Structures are given as C-alpha cells and as structure tokens.
Amino acid sequence: MPQHFLLSKKYRDTSLHRLLRMTDEELFDFVKKLKFGNGKEIPCTRCGAIDTHPFIKRRKGWKCKHCTREFSLTSGTVWADMKLPLSKLIMIIYQFCTSANGISAVQVSTDAEVAYKTAWVVMHKLREVIARTIDTSLMEGEVHVDGGHFGGKPRSGQFRPSNKARYAAAAEKLAGKTQGIKRRGISKANFERKKRNRRIVMVVRQVAPAEGANRTRVFLSSGENEAVAKYIAKHCIANGSLVRTDENKAYDSYKQFFTHQTVEHSKEYSTIDGVNNNQAESFFSRLRRCEYGTTHRMQAAYMIDYANEMAWKEDWRRKSVKEKLINLLESSFHVGFSRWWRGYWQGYRRNDEMLIA
Ligand SMILES: [Zn+2]
C-alpha cells in the first residue's frame, strides 16, 4: 500500500522548527526573492520605476530614485500598514496552511505572540487572498454539485423532553418565569433565530480520475433552488460536462445543458453504477469539522470566507508545506490592498454576505 502523502518526507519539506531557526535577515531575503526575484533592479511599488533603488537598512525599505517615496516589501499589498514583523507573519501563514480544519485566532495569537485582533485580521486577509486568486475558468469532465446547510444552530432546551419527571418538576418550579419555560424546549424565537442565520454553502468540484477532486469552488446562498442551480451552471461548468447531483428538484434544468446523473441520498450514497456526488460531500465534511471544531459559530456574514479557506485546503491537500506557504505568500503580494479587512478594528465592516441568490 502506498504511503499516505501527509506521512511522506515530500510533504514535510519545511517545518515550524526550521522557520524558527531562521534569522530576520534570512527571512527578509527569502521574502524579497519571492517578491522581486534575484535581480539587483527592483520595481518601485509606488510608481513602478525599475531601477537599483538605494536600500535604507534602518527602515528595511527602499527609497525610489524617481518618485523619491519609500517602499518596503509589504507596500501596496494586503499587509500594507501592518506593523507585524515578517517572522510573525510567516509563522501565522504557516499555521494557517498546515491546519486541516482551520485554526482559531486565539491559538494563533498565543503561538505567534500577537494580539487576538491582529491574528483574526491576518487570517481573514489570507482568506481574502484565496478568494481573489480563485481560478474562475469553467469546470469540465465530471463535476459534482451540492448544497450544505451551515450556521444558525439553535440553542437546545435546558431539559430533555424524554426525561418526563424532570421536565414536569422543572415546569412547575419555573411557573410564571417565562424565560425559564422558554428554555425547556426550542422556543419560537430561537427557531426564528436559527432560520435567520442559516445559509446554504454550494460547492462545485471537478473530479480528476483516480485522484478525487482537483478543483473546488464555493458559493453562498439562502436556499438550494433553481435560480442558484442555474447561476452555478452558467458561471462554473462548461456545456456538455457530466454533472452529478442528488435528487433535489433544483437541478432538474441541468438536463438541458449537461449529461445529468443523480443519486437518491435517502436510499444510497452511490448507485450500483457508481453514480455519486461524494466529492461534494467530502468537502462538506471538512467544512462541518471547521464549524464544529474550530469556529464553533459561523456567522452568515463571514461564512463564505471560511468556505473559501476549506476549498483552498481541499485543492492544495497534496502539495507540500513549502509549496502551500509560498503560494499564499506570493498571492498576498499580488492582489493589492485588502478591500474587506483594512481598518476592520477601526470600524470598517464589509456589509456584503456575497449571496448569489
Ligand atoms: Zn517610485
């Protein structure tokens, strides 16, 4: 039996241990090489002039020969204006890309010795980097589509209805106190709250023969209906593909554009001919573990960000630690300023949940 990839030496091509032993200068050179390459001439991130700009050692930056403004490794990137040392930033990115189901901002803030608010924003900026560098070309071949319900779990009642004696005694004791009585079962208000915060994460995955899925895209919606299914068909899947879904009526229109096969989940997970949408289900399994084990409560406002993170983790699951680290670092230099998290703790909030329907 072949060795699991995560147990192989190929996967462990760098480690936290190794990163911690690097000096600040070594880390600076490593990031500089990623951003500007090996050449002596580098582009000014403010005016774009390529030249041998003089390096100001004390400021760890350059002064442009043309526009005379100063720039550093992080100018013009999502990390602009953050006073975070490179060593801490790289450590947080390391933790972000090696955790299977996400990692809590509290854990990161403890390990990297940064404020909780800093850890929270850095990780959300990484999710934004992922969202902005998604491959948006159409998927083809075999594609699995499904929707999963996330968030908005109601608080359960205080007593189990099966415990009838305890239930009756408590009801008597709490008589007249509406708050207590409400908590016995799931109250109407609680149920409404559940509906308000519940969203559907739609996932589309392209299947690679014998390798599971190799591309994943996610969308947030308030229902799994025909409009949502059509949006996905139009924006994600090439005509003539083989699309596999469950028996939900929302996907009925897929017969017009694709070879559409369904599996009835109330009866089986895979038909006798092997028709299944298990790649979509396996994505939900990871996102569910993230919800239950890491974030505990997924707010509708940021649900798409967590879904994007898990989609990236699925797609990069067979890449080494170093490949993942370099991918995220490089991408973070190329997407410009953060449009969603810059000034978050100063009061700027993204108002858009980014629902497709
Ligand atoms: Zn310049």
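Before reading on, note that the structure itself is shown above.
Residues numbered from 1 in each chain as written. Predicted model: local features only at pLDDT ≥ 70, side-chain atom pairs only at ≥ 80, totals over all residues. Heavy atoms only, no water.

A closer look at the sheet that holds strand β6 (residues 142-150)
What counts, and what does not: By this definition, two strands are paired if DSSP reports at least two bridges between them. Only DSSP runs of H or I covering at least 4 residues are called helices, and only runs of E covering at least 2 are called strands; the numbering of each starts at the N terminus. Here the axes come from fitting lines to C-alpha atoms, over the contacting stretch only for helices, and the angles between their N-to-C directions go from 0 to 180 degrees. Working rule for contacts: check all heavy atoms of both residues, and any pair within 4.5 Å makes them a contact.
Pairing in this open sheet of 5 strands is mixed, and the strands run β8-β7-β6-β9-β10 from one edge to the other. Strands at the two margins of the open sheet, each flanked by one partner only, are β8 (212-221) and β10 (259-263). Between one strand axis and the next, the sheet turns through 25° on average, direction left out of account. Summarising the sheet, β6 and strand β7 (residues 199-208) pair through 9 bridges and their orientation is antiparallel. Within the sheet, the bridge partner assigned to His144 lies in β7 and is Arg205. Along the sheet, helix α12 (residues 303-315) makes contact with β6, β7 and β8, crossing β8 at roughly 175°.

Comments concerning the environment of Tyr269
Counting through the fold element by element, Tyr269 comes out in the loop between β10 and α11 (278-295). For the pair Tyr269 and Glu281, spaced 12 residues apart in sequence, the C-alpha to C-alpha distance is 9.7 Å. Ignoring any residue separated from it by four or fewer positions in sequence, one finds Tyr269 in contact with Val263, Val275, Asn276 and Asn278.

Some thoughts on a positive patch on the surface
Rules: Here the term patch refers to residues with relative accessible area over 30% and no salt bridge, with like charges joined within 9 Å and nonpolar side chains (Val, Leu, Ile, Met, Phe, Trp, Tyr) within 5 Å. To measure how exposed things are, a 1.4 Å probe is used in the Shrake-Rupley method; for residues, cover is taken only from the protein chains shown. Salt bridge, as used here: a side-chain nitrogen of Lys or Arg that lies within 4 Å of a carboxyl oxygen of Asp or Glu. Under the convention used here, Asp and Glu are negative, Lys and Arg are positive, and both His and the chain ends fall outside the count. Note on charges: their place is set at NZ of Lys, CZ of Arg, CG of Asp or CD of Glu.
A cluster of basic residues, Lys9, Arg12, Arg18, Arg21, Lys33 and Lys322, forms a positive patch on the protein surface. Structurally, Lys322 can be placed in helix α13 (residues 321-334).

Considering a negative patch on the surface
The line we're drawing: Only protein chains enter the accessibility calculation, which uses a 1.4 Å probe. A residue is then buried if its area is under 20% of the maximum for its type, exposed if over 50%, and partly exposed in between.
On the surface, a cluster of negative charge is made up of Asp24, Glu25, Glu26 and Asp29. The topology assignment puts Asp24 in helix α2 (residues 24-36). With relative accessibility at 45%, the residue Asp24 sits in the partly exposed group.

Structural notes on the coordination of the zinc ion
Cut-off, in case you're wondering: Listed donors are limited to N, O and S atoms within 2.8 Å of the metal, widened to 3.2 Å for Na, K and Ca; water is not among them, so incomplete-looking sites are possible. Irregular is the label for any site that misses the other tests, which are tetrahedral for four donors with all angles between 85 and 135 degrees, and square planar for four donors or octahedral for six when opposite donors exceed 155 degrees and the remaining angles lie between 65 and 115.
In the first shell of the zinc ion, the protein supplies Cys44 (SG), Cys47 (SG), Cys64 (SG) and Cys67 (SG), at 2.3 Å from the metal. Here the zinc ion is ringed by 4 donor atoms whose angles at the metal span 103 to 115°, and the overall shape comes out tetrahedral. A residue is classified by how much of its surface remains accessible, and Cys47, at 38% relative accessible area, is partly exposed.

Some points on α12
Using the following cut-off: Expected helix span is given by 1.5 Å per residue-to-residue step, counting one fewer step than there are residues.
For α12, built from 13 residues, the straight-helix expectation of 18 Å at 1.5 Å per residue is met to within 8% by its first-to-last C-alpha distance of 19 Å. Counting buried residues along α12, 12 of its 13 residues qualify, which places the element largely inside the surrounding structure.

Digging into the nonpolar core
Test applied: What we call a nonpolar core is a set of buried Ala, Val, Leu, Ile, Met, Phe, Trp, Tyr and Cys residues that are connected through their side-chain atoms within 4.5 Å.
One finds Val201 and Phe283 to be the most contacted residues of the largest nonpolar core, which totals 69 residues. Residue contributions to this core peak at 9 residues, all from helix α3 (residues 86-98). Each residue touching Val201, except ones within four places of it in the same chain, is listed here: Asp146, Gly147, Gly148, Phe150, Val218, Phe219, Leu220, Phe283, Phe284, Leu287, Met303 and Ala307. Ile200, Ile232, Ile237 and Val243 belong to the second largest nonpolar core, which has 17 residues in total.

Quick notes on the layout of surface pockets
Put simply, the rule is: In this analysis, the protein atoms alone were mapped onto a 1 Å grid. Cavities are point sets where a 1.4 Å probe fits without being able to get out; pockets are open sets with protein on both sides within 12 Å along at least five of seven lines; lining residues have an atom within 4 Å of a point. Grid points are joined across faces, edges and corners, and a volume is the space filled by probe spheres set on the points. Charged means Asp, Glu, Lys or Arg here, nonpolar means Ala, Val, Leu, Ile, Met, Phe, Trp, Tyr, Cys or Pro, and polar covers whatever is left, Gly included.
What the largest pocket holds in volume is close to 690 Å³. Contributing to the lining of the largest pocket are 25 residues, with Arg59, Lys60, Ser72, Thr74 and Met82 lying nearest its centre. Sorting the residues of the lining of the largest pocket by element identifies α2, β5 (70-72) and α3 as the ones contributing at least two each. Residues of the lining of the largest pocket, tallied by class, amount to 11 nonpolar, 6 polar and 8 charged. Its volume calculated, the second largest pocket comes out at about 390 Å³.

Digging into the packing of α2 against α3
To keep things clear, this is the line we draw: Crossings are classed by handedness, with left-handed meaning an anticlockwise turn of the near helix from the far one by less than a right angle and right-handed meaning a clockwise turn.
Closest axis-to-axis distance for the α2/α3 pair is 9 Å, and the angle between their directions is 65°. When you trace α2 past α3, the crossing you get is left-handed. On α3, the residues touching Asp24, Leu27, Phe28 and Val31 of α2 are Leu86, Ser87 and Ile90. When its residues are assigned to classes, the contact of α2 with α3 shows 5 nonpolar, 1 polar and 1 charged.

Nothing here speaks to function; it is geometry throughout.
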